[in-house]
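This is what each chain is made of:
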Amino acid sequence: MKIKDQTVLITGAAQGLGLAIAKAFSKEKAKLILIDKKSDKLNEIKFDNCQKYVVDLSIRKETKRFINKLKKNSFAINTLIHNAAILLPTPFINTTEKIWDQTFKVALESGFLLTQHVWGDMLSKKEGVIIFVSSRAGLEGFKDETAYCAAKHGLEGFMKSLAIEGMKNNIQVFTITPGMYMKTPMSESNYTEEFKKKWIDPIELTPAFLKLSSGRYQQMSGQHVNAWKFSKTTKK
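In this text the structure is predicted, and so the values were computed from the model without any measurement.

A. Local environment of helix α3 (residues 60-72). Here α3 spans 18 Å end to end across 13 residues, near enough to the 18 Å set by a 1.5 Å rise per residue. Along α3, the positions that sit buried rather than exposed are Thr 63, Phe 66, Ile 67 and Leu 70. The buried residues of α3 all sit within an arc of 100 degrees when viewed along its axis, so they share a single face. Of the exposed residues in α3, those oriented more than 90 degrees away from the buried face are Lys 61, Lys 71 and Lys 72. The elements touched by buried residues of α3 are β1 (7-11), β2 (31-36), β3 (50-54) and α4 (97-125).

The following block contains the structure:
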């Protein structure tokens, strides 16, 4: 399906990579549903054909309340991009249940709930694209990131199983990693000065999301995609 004919739901859309993704899809005339917990940043967005919702995905009731709004308004989502995540670097000995729960609710549980909502409609239409933003933390382990790494590893497994189930109905599911240091509020807090010298504007990673949402990469469904490398390929 052409992007201009799609409704695209993006989480964590008020800043950083999520905002860059939203800008790219807005430029292609997609209808956007943007969610974030930062109301001030979200209200600054002035795209055409865009609906914005303030939702704290770390609170299950808020996530479910938002999903009920989607149901009430009969929004049919063609592409779901679950970008939202929180990283609270903490030694394991100091990792509380609250840190663990918040990290999992934002990265993994909300991804499950939103996917559960869009899945039935995608099955009936026999098409749809779901993209989970992952990272190296979904494939490796890092010091002081037990909760974050566990949540991202969970997204990887979730994606692989969904891709198998969705295959016969042309539902394409991917995880995607930036593949390059990027300048975002999260990286501002967590990157070393060395990494900050290498970072790029996240808008440079958005062609990968546009390509995957086109539905023309069914052969890649179930894969962990490097956004930097895939954005640089010539095929659109």
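B. Representation of the pattern of salt bridges. Taken as a whole, this structure holds 6 salt bridges when the rule is applied. When the shortest N-O distance is used, the salt bridge between Arg 60 and Glu 109 registers 2.8 Å. In this pair, Arg 60 is assigned in helix α3 and Glu 109 in helix α4, connecting sequence segments 49 residues apart. Residue classification places Arg 60 among the partly exposed residues on the basis of a relative accessible area of 41%. In this structure, Glu 204 and Lys 232 form a salt bridge, with 3.9 Å as the shortest nitrogen-oxygen distance. On the criterion of sequence distance, the pair formed by Glu 204 in the loop between α7 (193-196) and α8 (206-213) and Lys 232 in the segment after α9 (227-231) is long-range, its members being 28 residues apart.

C. Representation of the pairing of β1 in the model. With 5 of its 5 residues buried, β1 lies for the most part within the structure. The side-chain alternation of β1 yields two buried faces, one formed by Thr 7, Leu 9 and Thr 11 and the other by Val 8 and Ile 10. Here β1 pairs with β2 via 5 bridges, running parallel. Across the sheet, the residue bridging to Val 8 is Leu 32, located in β2. Read from β1 through helix α1 (residues 16-27) to β2, the crossover connection turns out right-handed.

The rules we used
- Residues numbered from 1 in each chain as written.
- Predicted model: local features only at pLDDT ≥ 70, side-chain atom pairs only at ≥ 80, totals over all residues.
- Heavy atoms only, no water.
- Helix = DSSP H or I, 4+ residues; strand = E, 2+ residues; numbered from the N terminus.
- Expected span 1.5 Å × (residues − 1).
- Buried < 20%, exposed > 50% of the residue type's maximum accessible area, 1.4 Å probe, protein only.
- Arc of directions from axis to C-beta.
- Contact = heavy atoms within 4.5 Å.
- Salt bridge = Lys/Arg side-chain N within 4 Å of Asp/Glu carboxyl O.
- Pairing = 2+ DSSP bridges.
- Right-handed = clockwise from strand over helix to strand, strands pointing away.

Geometric descriptors of this kind do not, in isolation, establish any biological role.
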